[in-house]
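Summary of structural features
What follows is each chain in one-letter form.
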Amino acid sequence: MDFARLWLGLLLSLVTALDFNYHHQEAMEAFLKSVAQNYSSITQLHSIGKSVKGRNLWVLVVGRFPKEHRIGIPEFKYVANMHGDETVGRELLLHLIEHLVTNDGKDPEITNLIDGTRIHIMPSMNPDGFEAVRKPDCFYSNGRENYNLYDLNRNFPDAFEFNNISRQPETEAVMKWLKMETFVLSANLHGGALVASYPFDNGVPGKQNTQLRGLGSLSNPATGTLHSRSLTPDDDVFQHLAHTYASRNPNMKKGDHCKNNVNFPNGVTNGYSWYPLLGGMQDYNYVWAQCFEITLELSCCKYPREEKLPLFWNDNKASLIEYIKQVHLGVKGQVFDHNRIPLPNVIVEVQDRSHICPYKTNRFGEYYLLLLPGSYVINVTVPGHEPHLTKVVIPEKTQNFSALKKDILLPFQGQLDSIPVSNPSCPMSPLYRNLRSHSAATKPSLFLFLVTVLHIFFK
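Here we summarise the structure given alongside this text. For clarity, every value in this text was computed on a predicted model and none was experimentally measured.

A short note on the overall build of the protein
When helices and strands are counted, the protein shows 11 helices and 15 strands. The proportion of buried residues among the 459 residues of the protein is 57%. Taking as baseline every contact in the protein between residues at least 6 positions apart, the subset at least 24 positions apart corresponds to 77%. On the protein, roughly 19,800 Å² of surface is accessible, and the fraction owed to carbon and sulfur atoms is 54%.

Structure, rendered in C-alpha cells:
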C-alpha cells in the first residue's frame, strides 16, 4: 500500500506542470524544493547566500553529478532577476528547470546535455527587489535596486575604472560563488530591451583620429577599429555566443522589435557600443572568474503581464538550450608534470589572445578554453620554466557534447602545491587603466549616446 502510494505521489509530481504565473519567493522556493526532492539524482538545491532582507539566493544544479564537480564536465550558469523589476528571466529559468528535469531520459538532446554538463540556475539574484515591486511597470519600478537601493549590475569591481561603492550582500555572494566553481560559460537575464549583449560593457577610450574629426567617430590605434566598441581578446567567440542566442529567438533577431529603441543588427550588440557601464557583472565574470558571460535582454517591457509569459517561453526555449551547449566549444584538458600529477594554478592561454588576468588551471589541473573551429597554439606557463607550446586543431563540430580533449604533459616535476588556487590571480583594480592597447575601446558616438540615454536603466 505504501509502495503504491509512493509511486502515485511520484507520478503526480512528474505530470504537474509549472503554471505561467509570476512566482514570488515562497512559491519559487516551494517549486525548487519540490524539484530537488523529486529529481534528487540529477539536481541539488542550495543557497549561495542571503539578500539584505535575509532571503535565500537559491541555485538549482542540474547534471548527472549535481553535488560535485567532475573532471572533464564543464560548469555552466544562468542568473536572472538581478534587477528586481525585470521579471521575464526569473520565470523562464523556472520553466527551463522543469523542461530539463522532465525530459531527462526522454529527449536525447536534453539527456546528453545533462550527462556532460553541470548546469547552475539562479532564478533570482535580487529577491528583495522583486518583492518590493508594488505597481509593475514596463520601464521602471522601485524594485530595480536591492533593498539598500544599490543597482547590483553596477556593484562589481571594474577592470577599467575604480568602483568604490559599497559592495552588497548579493554581489558578495555571487563573487564568492564564482571562486568556488570552475564556471566556463554564463548568461545573465534582463529585461527592458530585446538583444544579446556581449563584453566589454566598459572600456578605455582611444585617441581621436585626426582624419575623422567632425564625423562623430573615434578610432583606437591598437586595432584601427572605427566602431564604437570595446572588444575582448575573445571577440570572435563572444559574437558567436550572442548570435547563437539571438538567431533562435524570432523577435530578438529582428533587431528592431521594441518600439522607440535602438536598432540592434541581428539582435546583437557590444555592451560598450550600446552604452558604457561601470561595475557590471559580465565584465567581472570574464576578467576575474575566467567565465565567458553575456547579457540577455529578453523583453521590451520589463514587467509584462502574466498572460504573455507563455509567448516568452516559446520564443526563448530553443535559445536557452542551444546556448548551454556552447559550453562545449573549444578545448579542455588537464596539465600534468612528468609524473602525471595534475598541476593547479598554471597559466594556460592561447597565443595572440592573452587575458589581462591570465587564465589558470583549477585545483584539479583542469583548463577550459572556449574557441571556435581552427588552429591554435596553447601556451602553458609554469613559474621558473620556459613556456610550453602545444598546437591544437579545433574541429568544425564537437562530438557528444564535449570539447576537444587535450591533456598536456610537461617534461618536469611541478612544485606548485604551496600556491593556493583560491588566491586571486589579479588584484580587484582597474587592470586596463594604464594598458589602453589591451582593450579595443572607442568612445560611443554622440548620436548613439543621445539615442540610448533614455534606455540607460535597461540593462
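Quick look at the sheet that holds strand β6 (residues 193–198)
Taken together, the 8 strands give an open sheet; going across it, the order is β1-β2-β4-β3-β5-β8-β6-β7, and neighbouring strands pair in mixed fashion. Two strands close off the open sheet at either side, each with one partner strand: β1 (43–50) and β7 (268–270). Here the average twist between neighbouring strands, direction ignored, is 20°. Pairing between β6 and strand β8 (residues 292–299): 5 bridges, direction antiparallel. Looking at β8, one finds that leucine 194 is bridged to leucine 298. With respect to the sheet, helix α7 (residues 235–246) is in contact with β3 (75–80), β5 (183–190), β6, β7 and β8, its orientation differing from that of β8 by roughly 30°. Contacts between helix α9 (residues 281–288) and the sheet are confined to β3, β5, β6 and β8, with β8 contributing the most and set at about 160° to the helix.

With respect to the sheet that holds strand β13 (residues 388–394)
Spatially, the 3 strands line up as an open sheet ordered β10-β12-β13, and their pairing is antiparallel. With one partner strand each, in any of the chains shown, β10 (347–350) and β13 form the two edges of the open sheet. Taken over all neighbouring pairs, the strand axes of this sheet differ in orientation by 25° on average, direction set aside. Sheet topology places β10 next to strand β12 (residues 374–381); 4 bridges connect them, and they run antiparallel. Residue valine 350 lies in a different strand from β12, and its bridge partner there is isoleucine 378.

Examining the packing of aromatic side chains
As enumerated under the stated definition, the model contains 19 aromatic pairs in all. Plain terms: the ring middles of phenylalanine 238 and phenylalanine 292 are 4.8 Å apart, the flat faces sit at 20° to each other, and that makes the pair stacked. Of this pair, phenylalanine 238 sits in helix α7 while phenylalanine 292 is found in strand β8, placing the two residues 54 residues apart along the sequence. Judged by its relative accessible area of 4%, phenylalanine 292 is buried. An aromatic cluster is defined as three or more aromatic residues linked by ring pairs; in this entry it consists of Phe160, Phe200, Phe238, Tyr286, Phe292, Tyr359 and Tyr432. Positioned above the aromatic ring of phenylalanine 336, the side-chain terminus of arginine 340 is 4.5 Å from the ring centre.

Side note on helix α10 (residues 309–325)
Relative to the 24 Å expected for 17 residues at 1.5 Å per residue, α10 spans 24 Å between its end C-alpha atoms, a close match to the ideal helical length. The sharpest bend along α10 comes to roughly 45°, located at asparagine 316. Every buried residue of α10 is accounted for by Leu309, Phe312, Trp313, Asp315, Asn316, Ser319, Leu320, Ile321, Glu322, Tyr323 and Ile324.

Quick notes on the packing of helix α4 (residues 108–116) against α10
Two elements in contact, α4 and α10, have axes whose closest approach is 11 Å; the angle formed by their N-to-C orientations is 40°. Relative to α10, the element α4 is oriented oblique. Pair α4 / α10 crosses with left-handed handedness. Residue-level contacts link Glu109, Ile110 and Leu113 of α4 to Ile321, Glu322, Ile324 and Lys325 of α10.

Quick word on the environment of proline 342
Structurally, the position occupied by proline 342 is in the loop between β9 (331–336) and β10. Residue proline 342 is classed as partly exposed on the basis of its relative accessible area, which comes to 31%. Here the alpha-carbon distance between proline 342 and leucine 409, two residues 67 residues apart in the chain, equals 9.2 Å. Excluding its chain neighbours within four sequence positions, the residues that come into contact with proline 342 are Gln334, Val335, Phe336, Phe364 and Gly365.

Here's the deal with the nonpolar core
Formed by 110 residues in total, the largest nonpolar core has its most connected members in Tyr78 and Leu96. For this core, the leading source of residues is helix α3 (residues 88–103), giving 8 residues. With sequence-adjacent residues up to four places away left out, tyrosine 78 is seen in contact with Leu93, Leu96, His120, Ile121, Met122, Ala187, Leu189, Tyr245, Ser319, Leu320, Tyr323 and Ile324. Counting 7 residues, the second largest nonpolar core, distinct from the first, contains Val262, Phe264, Trp274 and Leu277.

Here is what the cut-offs are and how they apply
Throughout this document, residue positions are counted from 1 along each chain, in the order its sequence is written. Where local features are concerned, this predicted model is filtered to residues with pLDDT of at least 70; where side-chain atom pairs are given and counted, the filter is 80 or more; whole-chain, interface and lining totals use all residues. The basis for every side-chain value is the complete set of heavy atoms in the structure, and neither hydrogens nor water enter the calculation. Here a strand is any run of E in DSSP of at least two residues, a helix any run of H or I of at least four, and the numbering for each starts at the N terminus. Classification of residues uses two cut-offs on accessible area relative to the type maximum, computed with a 1.4 Å probe and protein chains only: under 20% is buried, over 50% is exposed, and between them is partly exposed. In what follows, residue pairs with any heavy atoms lying within 4.5 Å of each other are defined as contacts. Here the open area of atoms and residues is found with the Shrake-Rupley method and a 1.4 Å probe, where only the protein chains shown may cover a residue. At least two DSSP bridges between two strands are needed for those strands to be called paired. Orientation is described by axes fitted as lines to C-alpha atoms, over the contacting stretch for helices, and by angles from 0 to 180 degrees between their N-to-C directions. Stacked, tilted and edge-to-face pairs are distinguished by plane angle, under 30 degrees for stacked and over 60 for edge-to-face with tilted covering the rest, among Phe, Tyr and Trp rings (Trp via its six-membered ring) whose centres lie within 6.5 Å. Consider the ring centre and the ring normal. A charge sits over the ring if Lys NZ or Arg CZ is within 6 Å of that centre and within 35 degrees of that normal. Helices are assigned an expected span. That span is 1.5 Å times one less than the residue count. Throughout, the bend at a residue refers to the angle made by two axes, fitted to the seven residues ending there and to the seven starting there. These descriptions rest on fixed angle ranges, namely under 35 degrees for roughly parallel, over 145 for roughly antiparallel, 65 to 115 for roughly perpendicular, and the rest for oblique. We call a crossing left-handed when the near helix sits turned anticlockwise from the far one by less than a right angle, and right-handed when that turn is clockwise. Each nonpolar core is a collection of buried residues, namely Ala, Val, Leu, Ile, Met, Phe, Trp, Tyr and Cys, held together in the definition by side-chain atoms within 4.5 Å.

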